[in-house]
Amino acid sequence: MTARIEIIRGDITQQNVDAIVNAANTSLMGGSGVDGAIHRAGGPAILEECRAIVARQGKCPAGEAVITTGGLLPARFVIHTVGPVWNGGKKKEAMVLSNCYRNSLQLAATHAVNSIAFPNISTGVYRFPKPEAADIALTTVKEVLTQLESMERLLFVCFDEDNYNLYSSRLNS
Ligand code: AR6
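If you're wondering where the values come from, they're calculated on a predicted model, not measured in any experiment. (Residues numbered from 1 in each chain as written. Predicted model: local features only at pLDDT ≥ 70, side-chain atom pairs only at ≥ 80, totals over all residues. Heavy atoms only, no water.)

Draft legend 1. Here's a closer look at the site of the ligand. If you check the shell around the ligand, you find 22 residues, and the closest are Asn25, Ser32, Val34, Asp35 and Thr123. Gly124 is positioned with one of its backbone polar atoms (N or O) 2.8 Å from an oxygen atom of the ligand. At 3.0 Å, a backbone N or O of Tyr126 approaches an oxygen atom of the ligand. Along the lines of polarity and charge, the residues of the shell around the ligand split into eight nonpolar, eleven polar and three charged. (Near = heavy atom within 4 Å. Polar contact = N/O pair within 3.5 Å; in protein donor to acceptor, adjacent residues only side chain to side chain. Nonpolar A, V, L, I, M, F, W, Y, C, P; charged D, E, K, R; others polar.)

Pasting the structure below:
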């Protein structure tokens, strides 16, 4: 099962997968980090779709996920999820981060997505400690993948070396 999980170092906007996941904020109106990179590379269609989603259902709460097309990206879809802001660890940050991975995968499955790439959600601007975030990400996706036979490939796209090393050392342990 873990054979379906790959750890790579790079830019998520360049990945040839059915869906990439965005580490967004509750407004879904873009931002810095991976969110900025996805909207820049994907073009204005993604933001337009985000606007329509917010008009329909309001802001996206932390831990939940919504889906848009991929605009100009190689990926067909962008799944926008909102990670927790790290606040010392007593505000259910771990559970919310786990929900991001679980809800993104479940939303992907309802759109016939067979390959998906995740960034290291919450480990940038939102300051979630990287080692704990890597444990939560890997544990959650391994668990969800046991129930999602349709998902053929799951990539963790690590932008920084710390995350790449953390994920690589944990994947097979
Ligand atoms: N490809 C893959 N990963 C990337 C890329 C990229 N092009 N660029 C950055 N990362 P962050 P957060 C990594 O800050 O902590 C935004 O303003 C980065 O090294 O993007 O969830 C949103 O709008 C880090 O490991 O997201 C929110 O307001 C990881 O992506 C807020 O930041 C996540 O860092 C969300 O904060």
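Draft legend 2. Summary view of unusual backbone geometry. Located in the positive-phi region is Ala112, a residue other than glycine, with phi close to 55°. Topologically, Ala112 is positioned in the loop between helix 3 (93-109) and strand 5 (115-118). Notably, Ser122 is not glycine yet its phi reads approximately 70°, a positive angle. A residue is classified by how much of its surface remains accessible, and Ser122, at 5% relative accessible area, is buried. (Helix = DSSP H or I, 4+ residues; strand = E, 2+ residues; numbered from the N terminus. Buried < 20%, exposed > 50% of the residue type's maximum accessible area, 1.4 Å probe, protein only.)

Draft legend 3. How the structure looks around the pattern of salt bridges. With the rule as written, the count across this model stands at seven salt bridges. Notably, a salt bridge pairs Lys130 with Asp162, separated by 3.5 Å at the nearest N-O pair. Taken together, the positions of Lys130 in helix 4 (residues 130-145) and Asp162 in helix 5 (residues 161-171) put the pair 32 residues apart, joining distant regions of the chain. Across the salt bridge formed by Arg170 and Asp135, the nearest N and O atoms sit 2.5 Å from each other. (Salt bridge = Lys/Arg side-chain N within 4 Å of Asp/Glu carboxyl O.)

Draft legend 4. Structural context of the nonpolar core. By size, the foremost hydrophobic cluster in this structure holds 35 residues, and its most contacted members are Ile116 and Phe156. Considering every element that reaches this core, the biggest residue donor is helix 4, with eight residues. Excluding residues that lie within four positions of it along the chain, Phe156 makes contacts with Ile5, Glu6, Ile7, Ile8, Tyr101, Phe118, Ala137, Leu138, Val141 and Tyr167. Within the second largest apolar cluster, 18 residues are counted, among which are Ala24, Ile46, Cys50 and Val82. (Core = buried A, V, L, I, M, F, W, Y, C linked by side-chain atoms within 4.5 Å. Contact = heavy atoms within 4.5 Å.)

Draft legend 5. Seen up close, the environment of Arg9. Relative to the helices and strands, Arg9 resides in strand 1 (residues 5-9). According to the relative accessible area criterion, Arg9 is partly exposed, its value standing at 47%. Linking Arg9 and Asn165, residues 156 residues apart in sequence, is a C-alpha distance of 9.5 Å. Apart from the residues lying within four places of it in its own chain, the contact partners of Arg9 are Cys158, Phe159, Asp160, Glu161 and Tyr164.

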